[in-house]
Amino acid sequence: MSKTHLRAIEKADPTNIKKHQEDLMCKMLAYVQNHSPYYARLFKKHRIDIKKIKKLEDLKHIPVTTKEDLQAYNKDFFCVPTENIIDYVTTSGTLGEPVTFILTENDLQRLAYNEYLSFLCTGGTSADIYQLMTTIDRRFMAGLAYFLGARKLQAGIIRVGNGIPELQWDSIKRVKPTNIIVVPSFILKIIDYAKKYQIDYKSTHIKKAICIGEPLRKADFSLNLLGQKITEAWPIKLFSTYASTEMATAFTECHQGRGGHQQPELIITEFLDNNNRAVLPEELGELTITTLGVEGMPLLRFKTGDMCHHHTEKCLCGRNTMRLGPIAGRKKQMIKFKGTTLYPPAFYDILNNLENIDNYVVEVFTNSIGTDELIVYIDTKKAEKQFEKNIKDIFRAKLRVTPDIIFRNEREIKIMQDADNGRKPRYFIDRRNATQKKTDFEI
Ligand SMILES: [Zn+2]
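On a predicted model such as this, the values are computed, not experimentally measured, just so you know. (Residues numbered from 1 in each chain as written. Predicted model: local features only at pLDDT ≥ 70, side-chain atom pairs only at ≥ 80, totals over all residues. Heavy atoms only, no water.)

Enquirer: Explain the nonpolar core to me, please; I cannot follow it from the model alone.
Expert: Note that soluble globular proteins tend to have their nonpolar side chains buried in a common cluster. In this structure, Tyr39, Phe43 and Ile62 are the most contacted members of the largest nonpolar core, which totals 53 residues. Ranked by residues supplied to this core, first place goes to helix α2 (residues 14–35) with five residues. Residues within four places of isoleucine 62 in sequence aside, it is in contact with Leu29, Leu42, Phe43, Ile48, Ile53, Leu300 and Arg301. Ranked by size, the runner-up nonpolar core spans 24 residues in total, among them Phe186, Tyr193, Ile199 and Ile236. (Core = buried A, V, L, I, M, F, W, Y, C linked by side-chain atoms within 4.5 Å. Buried < 20%, exposed > 50% of the residue type's maximum accessible area, 1.4 Å probe, protein only. Helix = DSSP H or I, 4+ residues; strand = E, 2+ residues; numbered from the N terminus. Contact = heavy atoms within 4.5 Å.)

Enquirer: Looking at this structure, I do not really get α2. What am I missing?
Expert: Every α-helix carries 3.6 residues per turn, so stepping three or four residues along brings you back to the same face. Between the first and last C-alpha of α2 there are 31 Å, a value that for 22 residues agrees with the 32 Å anticipated at 1.5 Å per step. Within the sequence span of α2, burial applies to Ile17, Gln21, Glu22, Met25, Met28, Leu29, Tyr31 and Val32. Close packing links the buried residues of α2 with α1 (8–11), α3 (37–45), β10 (267–272) and β11 (285–291). (Expected span 1.5 Å × (residues − 1).)

Enquirer: Would you explain the coordination of the zinc ion in this entry?
Expert: Listed as protein donors to the zinc ion are Cys254 (SG), His261 (NE2), Cys315 (SG) and Cys317 (SG); their distances from the metal cover 2.1 to 2.3 Å. The coordination sphere of the zinc ion comprises four donor atoms, whose angles at the metal cover 103 to 113°; the geometry is tetrahedral. Counting residues between consecutive donors of the zinc ion along the chain gives the motif C-x6-H-x53-C-x1-C. Note that cysteine 254 is positioned in the loop between β8 (249–253) and β9 (260–261) and cysteine 317 in the loop between β13 (310–311) and β14 (323–324), a separation of 63 residues in sequence. Pair check on accessibility: cysteine 254 and cysteine 317 agree, each one buried. (Donors = N, O, S within 2.8 Å, 3.2 Å for Na, K, Ca; no water. Tetrahedral: all angles 85-135°; square planar, octahedral: opposite > 155°, others 65-115°.)

Enquirer: Would you mind showing me how to read the domain arrangement of the protein chain here?
Expert: Interface extent is often summarised as the accessible area lost during association of the parts. Per the domain assignment, the segments making up the protein chain are domain 1 (1–330) and domain 2 (334–430). A separation of 29 Å is found between the C-alpha centroids of domain 1 and domain 2. Between domain 1 and domain 2, the contact holds 14 residues from the first and eleven residues from the second. Carbon and sulfur atoms make up 49% of the area that domain 1 and domain 2 hide from each other, which totals about 1,000 Å². For the pair domain 1 and domain 2, the interface holds zero salt bridges. The tally of links between domain 1 and domain 2 comes to two residue pairs in polar contact (both at pLDDT 80 or more). (Domains from an automatic or database assignment. Buried area = accessible area lost by both parts, 1.4 Å probe. Salt bridge = Lys/Arg side-chain N within 4 Å of Asp/Glu carboxyl O. Polar contact = N/O pair within 3.5 Å; in protein donor to acceptor, adjacent residues only side chain to side chain.)

This is the structure in C-alpha cells:
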C-alpha cells in the first residue's frame, strides 16, 4: 500500500496524535460522568474532577477497571436505556459468569469503521473477497465486526463460520475468495484436509490470511513455529490481529508485520506494571485501555490481563501510530520457572508443532520451597524414553528450561481438560493458588 493512502491521523506527528486523543478523551470523560452509573460513582468516591484530566498522563488519577469490576457491577457500566441497545454480546467468562456487553447503533457503526481500518491496514480493497472462518453468532463480537468492516469496505464476504473444512473448500472453489479470516491453527487443519482429498490448495485465489486468536510472531516479529509451519505449507501472507470485546477495537498488522497498529481515534493504550505504573518502553506491560467513541459500554483504564511490548518508532509503512507486539500471555498465567519468566503460549507454540503429540496439558504448581514447578502431560502414541528426551531437548533449545514430561492416555488428558466444565478445553492448569500442592492424577 502506498503512503498516499494513509489517513492524516496515521501520518501525523506523535504530538498531534496525542493531542487528538486528548480532545476525544475529554469528551469521553464528560460522557461517562453523565451516563455511566459505575464511573459517576467512582469519580465521586475518589473526588475526581474530570475537568482536571486533560492530558493522557492525567489518566493515572483514575483508578483502573478490572474484569472483576465488570462482573460485579455489569449493568452499572451500561450508559444507555434498553431501547437504544441493538446488539448483545458476552465475553467468554474465564472467571466464571460471562459479562454482557451492549452495542448501540453508533457502536455498530464504530465497530464497522474499526474493522474497515483493519482491512485497509492489510491492503484490502473493495475488489477483495473475504471468507469468514470464525463464528458470527454465539454472542461473539469478532465475526460480526469482520462482516460489518468488509461491508463498509464494500468488499465481498462469505460467512462460512468456523470448522467444516469441506464447506470451506467448497466455498473457496466456488466464490474464489482472496482473503481468509481465521484462527491460524485452523489453517493447518484445512491444509491437512486438502492434502487428504487431493485439493490443489496452492492454486487458489487466496493471497492473505487475517489471523485472530493466536499469536503468529515472537517478540522480535519473526514468525513463531505456528506461523512458520503455515507459511512453509502454504505461502500466503499472514496478518496478525489482536482484538477483544472489551476494547471493541482491533490492532492489525500492516504488510511489514511489525506489530498491530493502534487506531488512535478509537482507543487509548497504557502499559502498566503490578502497581499500575507505566512500564519502560522496552519492558513487558499489561495492556490497559480506554475506549474512545463507545456509547453503550465505554471503559476507562480497563486492564486487559494481556502482557505485551509496545513500539512507538515510525513503522516502515509510513504510519506513526503505536504498534502492539505479540501477546506474550495472560498476566495471571505468568510462570517463574528456574529463573525464567514464561507464559503458557510459549509452550503451546512448541507442543502444537511437534510431530506425534495428540493432546497435552501444561500444569503449574507450587513446590515445597514455594517456587513454580511445571509438568507437561502429553498424549502420544510414542510414549517412550527417547521421545521424552527429544521433547525436553526442544524445550531447552527454545525456552532454556525443561519441564517434567508425563505421558497420559487420551482419556486421562481429556478429563484434565474438561475438569472445569468450561466452554473450551483447558490446556493450562494453574494449581498455584490451590491448597493442594501437586496431586497425583486421579481418574
Ligand atoms: Zn506499519
